[in-house]
Amino acid sequence: MKKLIYLFVIGFSVVAVAQKPIFTDAKIENATVYFNSAELTHSTSANLPKGTSEIVIKNIANYLNENTIQIKAPKDVTVLSVQFTTNYMSEYEIDETSPAIKQVRDSIKLIEAAIKKTVNAKISENRTIDLLDKNQQIGGQNTGLSVVELTKMVDFYKSKRNELQNNFDLLEEKEKQLRETLARLNSQLKINTSKEEKTSNGKLILQVMSDVAAKTNFEISYITPYASWTPFYDLRAESVTAPLDLMYKAQVAQNTGIDWKKVKLTLSSGSSNQNNQIPILSFWFLRYHQPITYDAISVEGYRTKANPQSNVIQSMSGQVPGLEIQKGKASIDDYTTVTENQLNVSFDIDIPYDILSNGKLHSVALKELKLPAKYTYYSAPRVEKEAFLVAEIDDYSQYNLLPGEANIIFEGMYVGKTYINPNQTAESLKLTMGRDKRVSVKREKVTEKSGTKFLSSYKEQTFTFDITLKNDKKETVELLLKDQYPLSTDKDITIELVESNKAQINSETGILTWEVKLKPGEIQKFRISYKVKYPKDKTIGNL
């Protein structure tokens, strides 16, 4: 009895192994993209027989975290096992092509067969001509022929030779036309193939058991690391009296191996890590927040992208075509739902997007905001002899901004980039809007008020600078002017601030601040002077 059972089990296993797998393609429906990964949701269906079946689901991402795979099936279907592979080989898998491509391939086969026949006919004609030429030579060597017979032979040879050569030329022309047709078909095949969606090597192999024979729908989700998004902004200001228009955007990239076509996107600032442990509440202690440091400098609260070598605020000027956002009858706000959680923000976008699997950045519009802003000018001429327009936004936490770069468009001109950093401790968000050449700034050394004196064993140097501001605009300008004098950490080096021109002095940082109002066409001057005394046998490298 045990032997019979054993043979039955072996026989059943052989039948199960020999059973034909069911192939089906997965269609991507939703993509939740995090900063460094994405959760993809697919749908597919298969006609299942009653009992156990093997399903091969194609068009899955080439790279995924197998621990995150989830399969949803009806209650009368049990998923016995799930396996992910990128190298599935099966004798049952066939080449599924579109009807258009199949028609082209069939035409190519017919043309190739016609070319082969034409080439064979050309060979026959050519060999016949060779044979006729050789016979003519042999006949010409037979001196026993009369003039009449020789004339008849020449006429026959001439007629037959022309006929064979004409046939050969016609066959050659026919072959040329066939090859041109073949080239067009191959070109058409390449075009049709390029229009097909990219499919991946990733496949899921499911072992399922169904209580009934029926068409069954499946929902598949998993997390792949080959996708990401970064926040990006367009900042627009028509004038210093108008609100600041902010276009909240995202740059999405993916290289999962499958093209996302007409996919519903959700962008999240959270993490894709899934923890299946139940949450346990613990003590909640408040602590001070330590802001994240980005590749930008902070000039007295004004944050911007910078050159770390020179601490010069970066900017560009010039007209950039194509930056104007075309608005339809509905705003992008009507298609985006913003959900703010305790630790992250997510954007649900109702507009379906196409994101190709090429690793390139795709721009996605999220939200349009009109921010009430106060505009001021800022200048630190010791570092950069130019005035920078700054927009100050109060209560900025309500806008769910994330750290990211921003294009600046002021008065219809692209003036450069800035960096939005909402993770700061200031009460207001200060955004650098670029340089304004119509507010001129000069910082010049006053030679007659500067110089060097030698006092016993010490050297005393005096430095005097004049700062000149001029407003070439048609409206009054409010400008925050900053300069500085050096500080000493050595007891042998003494520093004296001689003249500050009524500036606000921060003795701990050595920074001088003036709050200036410049009327149209007005010029104002400010003077700073300080003395540095140190041993004359020493040299100060950064004075």
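Rules behind the numbers
- Residues numbered from 1 in each chain as written.
- Predicted model: local features only at pLDDT ≥ 70, side-chain atom pairs only at ≥ 80, totals over all residues.
- Heavy atoms only, no water.
- Phe/Tyr/Trp six-rings, centres within 6.5 Å; stacked < 30°, edge-to-face > 60°.
- Lys NZ or Arg CZ within 6 Å of the ring centre and 35° of its normal.
- Buried < 20%, exposed > 50% of the residue type's maximum accessible area, 1.4 Å probe, protein only.
- Helix = DSSP H or I, 4+ residues; strand = E, 2+ residues; numbered from the N terminus.
- Pairing = 2+ DSSP bridges.
- Contact = heavy atoms within 4.5 Å.
- Core = buried A, V, L, I, M, F, W, Y, C linked by side-chain atoms within 4.5 Å.
- Axes fitted to C-alpha atoms, helices over the stretch in contact; angles between N-to-C directions.

Caption draft 1: Expanded view of the packing of aromatic side chains. Scanning all chains against the criterion turns up seven aromatic pairs. Grouping aromatic residues by their ring pairs yields a cluster made of Phe35, Trp229, Tyr233, Tyr248 and Phe347. The side chain of lysine 533 reaches across the aromatic face of tyrosine 458, ending 5.2 Å from its centre.

Caption draft 2: A look at the pairing of strand β7 (residues 202–210). The buried fraction of β7 amounts to seven of the nine residues, a majority that puts the element mostly inside the structure. The sheet contact formed by strand β4 (residues 51–60) and β7 spans eight bridges and is antiparallel. Bridge pairing in β7 places serine 53 opposite valine 208. Relative to β7, strand β6 (residues 77–85) is paired through eight bridges, and the arrangement is antiparallel. In the sheet register, glutamine 83 faces β7, and the bridge partner there is isoleucine 205.

Caption draft 3: Quick look at the side chain of serine 37. Structurally, serine 37 can be placed in the loop between β2 (27–33) and β3 (38–48). Judged by relative accessible area, serine 37 falls into the buried class, the value being 4%. Apart from residues lying up to four places away in sequence, serine 37 is in contact with Thr32, Ile223, Thr224, Pro225, Ala227 and Ser272.

Caption draft 4: Molecular detail of the nonpolar core. Leu244, Trp260 and Leu265 are the most contacted members of the largest nonpolar core, which has 85 residues in total. If near-sequence neighbours (up to four positions away) are discounted, leucine 265 is found in contact with Ala31, Val33, Trp260, Phe347, Asp348, Ile349, Tyr353, Ile355 and Val364. Of all hydrophobic cores here, the second largest spans seven residues; its members include Val104, Ile108, Ile111 and Leu182.

Caption draft 5: Seen up close, the sheet that holds strand β10 (residues 244–254). Taken in spatial order, the five strands make up an open sheet running β18-β10-β9-β21-β22, and their pairing is mixed. The sheet is open, and its two edges are formed by β18 (362–371) and β22 (413–420), each paired on a single side. Here the average twist between neighbouring strands, direction ignored, is 25 degrees. With nine bridges connecting them, β10 and β18 associate as antiparallel partners. Across the sheet, methionine 247 pairs through a bridge with glutamate 368, a residue of β18.

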